[in-house]
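So the chains spell out like this:
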Number of protein chains: 2
Amino acid sequence: DNKICSMTRPNRKRQRAKAGQHGAALGGGIQTPRVQRLVCQLKLKGKGLEGKANTETFLTISPVLTLDSMNPNVKRVEYAVRGPIVQRAVQIEKELKEGAKKPFTEVIKANIGDAHAMGQKPITFFRQVLALCSYPALLEDSKFPEDAKQRARRILEACGGHSIGAYSASQGIECIRQDVARYIEKRDGGIPSNPDNIYLSTGASDAIVTILKLLVCGEGRDRTGVMISIPQYPLYSAALADLGAVQINYYLDEDNCWSLNITELRRALSAAREHCNPRVLCIINPGNPTGQVQSRQCIEDVIRFAKEEHLFLMADEVYQDNVYAEGCQFHSFKKVLFEMGPEYSNTVEMASFHSTSKCYMGECGFRGGYMEVINLDPEVKAQLIKLVSVRLCPPVPGQALLDLVVNPPQPDEPSYATFMKERTAVLSALAEKARLTEQIFNTVPGITCNPVQGAMYTFPRITLPQKAIDKAKELGLVPDMFYCMRLLDEEGICLVPGSGFGQREGTYHFRMTILPPTEKLKVVLQKIREFQLRFTQEFS
Amino acid sequence: DNKICSMTRPNRKRQRAKAGQHGAALGGGIQTPRVQRLVCQLKLKGKGLEGKANTETFLTISPVLTLDSMNPNVKRVEYAVRGPIVQRAVQIEKELKEGAKKPFTEVIKANIGDAHAMGQKPITFFRQVLALCSYPALLEDSKFPEDAKQRARRILEACGGHSIGAYSASQGIECIRQDVARYIEKRDGGIPSNPDNIYLSTGASDAIVTILKLLVCGEGRDRTGVMISIPQYPLYSAALADLGAVQINYYLDEDNCWSLNITELRRALSAAREHCNPRVLCIINPGNPTGQVQSRQCIEDVIRFAKEEHLFLMADEVYQDNVYAEGCQFHSFKKVLFEMGPEYSNTVEMASFHSTSKCYMGECGFRGGYMEVINLDPEVKAQLIKLVSVRLCPPVPGQALLDLVVNPPQPDEPSYATFMKERTAVLSALAEKARLTEQIFNTVPGITCNPVQGAMYTFPRITLPQKAIDKAKELGLVPDMFYCMRLLDEEGICLVPGSGFGQREGTYHFRMTILPPTEKLKVVLQKIREFQLRFTQEFS
């Protein structure tokens, strides 16, 4: 049993595993070299082996960085949208490429809101301007419309050395922040927006994590608690695990179109106050993965609740242009806040997030985004600017793209007609696909589906036979993971199990994007239908 | 004294400040709402005032997020390269724009390695390919060379939906990682590189922080310690503060061209072992801010030290193409590691970082970069992939650019001649400016300057008169900050004080990039010379 101490180098791999086991047997947890040395010395004592092993030997037993010795917060991070099922999908794609025979010829990845990957074409105007910014020699090319050139010139003039290859200000290029502020003012019917409150970011994820990082502190019962919806977008749970914050779940009401209920917020908050310091309330509207669009009244209630309970509001509004259902409308948290009067608009602290990745443009790869902060303490703002400066700046091509999103072609400009045609085509197709998805799923026995009011996902509930649940447990899988893995293997469709987003105990769901082209979406829905029938039969 | 409890809303700002003071008086530190409520209740008790204030009033006294209640680690973050002096420079630029009279007409920002901002032109081939990727309709344009089109097609084929607007794999586009691996193999004389060990990143900073995040854990004496050079690039100290790691300083030897001395490493390590768990050794080669190029022998010594002392090696090699001095050569840590034989190459854990921001391309705005990991535990690799997946992917335009950097035009391709001409022009100009800078500075009384062997900075030592030091202290400034602020105000030149990078107690320095065009650099050096003489005279 003293092998791990007296060995030198041969067969290190197996010995490492052993070292790990020893650690676990002696209390597990993080194993620093110091702890390991102690473990070894303890084992040597009483066996007459003291002094037989030297320090150098102990220190080379195990690598510096192992699962046992790494940051435990990182281990707790989970991100289902790119989790094991997607890794399996990539594996299957590889097998297909190498000529493997499967019951399908391609894997359809409906796991992620990745519009271009699903065949959506970029907006021509945006890409023209980006090409002009990348290679300004094209500014002399008569093939490019004047408005595209004008936009490119304006962006380049705002860049160091007139190049998008220069660093920008860490908060983002000033004239782009001005354009963002104007865009927000227009969206919110004239409520003022200050460019100093706009921070450009590397996608919305970056800004969300940054704000959480400012907020999370304290130890034990004073540790910051952050309220997130269940089901949630797993960036939130991942960021909270990483920061070691306390995750406070509030459940959306599936029976009422995934609406948010203030009573449930109160329940969650008061339970959480027993063991942590709740300081933040996160809202995703329109909802991801649940596709609901919040009513104006509900937003008002949430704001009132945040004020009463002294919570910082984080409004994830990246799907603000993705609203499809009759009678639904996007209301920004900021607009409602300001309409509630100065008692609210002067006090409630808030950050709202937006991105170039969703809406009608779907430019995920550029990692563009911004946040607007409201009522952020000036001293904290200085800290925020300092913090973002460490990463120098968000990618400048993404900033340029964001500028075009917030300042698209105007009616008197040459690119307007094409722009509007392209934009409308994407949004109407999405609306059509939202309807189609709800309609078809609700005809399938064992699947029930709320309307996809907005965003780009459906989160239908699936009824699983008890035998399937037992089988899953036998295999060590959560039941909806088992379901999704089988669907992937049998039909080549990649979805994300509901367990990756959270769901009420004993219920099962999956998330699917509605992004595939209509004809392909119909095939996907049909295949899921057939699978569901087959699966139910197999396990009943 | 019970004002903070009984007030309601008027004059909130001043009351906030008061609340802060109260907190400080009662022990300071983090002030959660709970703590505040307690403070108030204590103050009310014994004054017959119990019950006069209600909970709601307490909770609205202070914003949720204040300097007192925010994450204390973030407060500890400092990043001098974009610190107060740069904010002042931006302010002065604004004043000049508004017509203010100054002793200069422009601010020259020599504070940051931002080549394009200093007038360096992008490499034509790179930008052509980026334009083609952004707007693939240009693939039909006969003005673009065939090799640029071929590169663009290859990148687009590797993108989801053939669009750089799709998310990529979180680790980076596979064919780009393959190109990176081939580039490394070629650089290192055939030592194999596995694309699975390559992780593309959002600039090198992103990858550096990610690896540190995996490594830092433990509490108290078990807290991870990270060895960094002094002077250092302040990303390191900032990331360590943010993660709450213990910073272990080892001093470079200014008298020997800022070389690294193993005795000093040993001293720093053994002192640190008294109070933390040192697990990581960071090296920057070529050096930032100090411009030294490490000898092969020194790298070998460092690797031996890392192995003996069980340290994870982080090799920041973003300036690998920036070597100017006669007799100096870049040796990658990986190459030396493998040349030391399997005893080292199979055991020493390492990550090496590279970026598109420096070298001859200077494409900072694209935030492209990669790291290669060596001997990383497979289980930790899985954790790393999970962690990077939360942010979805590095910006795809930056990935595309990186592909061009590692796979530039070849001798038989149409763009080769222009590419080589542009590349050589940049690198020879830098070599010339490196020599010029050392030469001129060393003629100035009170300035001594090591040769700029590589990278793109000089870190000269300045002798400050005691009266200037006293004056600075009177103003509450560190002496070299005082010096740099005066230089900025009087000459419009923005440098970074040595204190922002760390320096031996009682010595003073500044960092200046050598990036300004040669003629402008001469003006800058002349102005600093004059300022130094004037400043010395004023305070002697």
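Residues numbered from 1 in each chain as written. Chains lettered and ligands numbered in written order. Predicted model: local features only at pLDDT ≥ 70, side-chain atom pairs only at ≥ 80, totals over all residues. Heavy atoms only, no water.

### Quick look at helix H18 (residues 416-441) of chain B
All names here are of chain B.
Line of reasoning, step 1. The first and last C-alpha atoms of H18 sit 37 Å apart over 26 residues, in line with the 38 Å expected at 1.5 Å per residue.
Line of reasoning, step 2. Among all positions of H18, only Phe419, Val426, Leu427, Leu430, Ala431, Lys433, Ala434, Leu436, Thr437 and Phe441 are buried.
Line of reasoning, step 3. On its buried face, H18 sits against helix H7 (124-134), strand E9 (447-448), strand E10 (457-458), strand E14 (510-513) and helix H21 (518-538). (Helix = DSSP H or I, 4+ residues; strand = E, 2+ residues; numbered from the N terminus. Expected span 1.5 Å × (residues − 1). Buried < 20%, exposed > 50% of the residue type's maximum accessible area, 1.4 Å probe, protein only. Contact = heavy atoms within 4.5 Å.)

### Describing the sheet that holds E10 of chain B
Residues and elements named next belong to chain B.
Line of reasoning, step 1. Spatial ordering of the open sheet is given by E10-E14-E13, a layout of three strands whose pairing is antiparallel. The sheet terminates laterally at E10 and strand E13 (496-497), the two strands that pair on one side only.
Line of reasoning, step 2. Both E13 and E14 contribute to a ladder of two bridges, which runs antiparallel. Within E14, the position partnered with Pro497 by the bridge is Phe510. (Pairing = 2+ DSSP bridges.)

### Concerning the UniProt feature "domain: Aminotransferase class I/classII large" (unreviewed entry) in chain A
Line of reasoning, step 1. Listed under "domain: Aminotransferase class I/classII large" (unreviewed entry) in the UniProt record, and renumbered for this structure, are residues 129-528 of chain A.
Line of reasoning, step 2. A helix fraction of 43% and a strand fraction of 14% characterise residues 129-528 of chain A, whose end C-alpha atoms lie 41 Å from each other. (UniProt positions renumbered as here; feature names shortened; annotations may be inferred.)

### So, the environment of Thr463 of chain B
Residue and element names in this part refer to chain B.
Line of reasoning, step 1. Note on placement: Thr463 falls in the loop between strand E11 (461-462) and helix H19 (466-474).
Line of reasoning, step 2. On the basis of relative accessibility, which here comes to 52%, the residue Thr463 falls in the exposed class.
Line of reasoning, step 3. In sequence terms Thr463 and Asp179 are 284 residues apart; their C-alpha atoms lie 48 Å from each other.
Line of reasoning, step 4. Apart from residues no more than four positions distant in its own chain, Thr463 is found in contact with Gly446 and Gln532.

### Observations regarding the pattern of salt bridges
It is possible for side chains of opposite charge to pair when their charged atoms get near one another.
Line of reasoning, step 1. Summed over all chains, the structure comprises 66 salt bridges over all chains.
Line of reasoning, step 2. Arg273 of chain A is paired through a salt bridge with Glu309 of chain A; the nearest N and O atoms lie 2.9 Å apart. Placement of Arg273 of chain A in the loop between helix H12 (262-272) and strand E5 (277-284) and of Glu309 of chain A in the loop between helix H13 (296-308) and strand E6 (312-316) is noted, with a sequence separation of 36 residues between them.
Line of reasoning, step 3. Residue classification places Arg273 of chain A among the partly exposed residues on the basis of a relative accessible area of 27%.
Line of reasoning, step 4. Given the relative accessible area of 15%, Glu309 of chain A is considered buried.
Line of reasoning, step 5. Two residues, Glu93 of chain B and Lys109 of chain B, come together in a salt bridge whose shortest N-O distance is 3.2 Å. (Salt bridge = Lys/Arg side-chain N within 4 Å of Asp/Glu carboxyl O.)

### Some details on the packing of aromatic side chains
For any two aromatic rings, the description comes down to two numbers: the centre-to-centre distance and the angle of the planes.
Line of reasoning, step 1. For the coordinates displayed, the defined rule picks out 34 aromatic pairs over all chains.
Line of reasoning, step 2. Their ring planes at 65° and their centres at 5.7 Å tell us that Trp258 of chain B and Phe459 of chain B sit as a pair that is edge-to-face. Placement of Trp258 of chain B in the loop between strand E4 (246-251) and helix H12 (262-272) and of Phe459 of chain B in the loop between E10 and E11 is noted, with a sequence separation of 201 residues between them. The two residues Trp258 of chain B and Phe459 of chain B agree in class, both being buried.
Line of reasoning, step 3. Pairwise contacts between aromatic rings join Phe441, Phe482, Tyr483, Phe510, Phe531, Phe535 and Phe539 of chain A into one cluster. (Phe/Tyr/Trp six-rings, centres within 6.5 Å; stacked < 30°, edge-to-face > 60°.)

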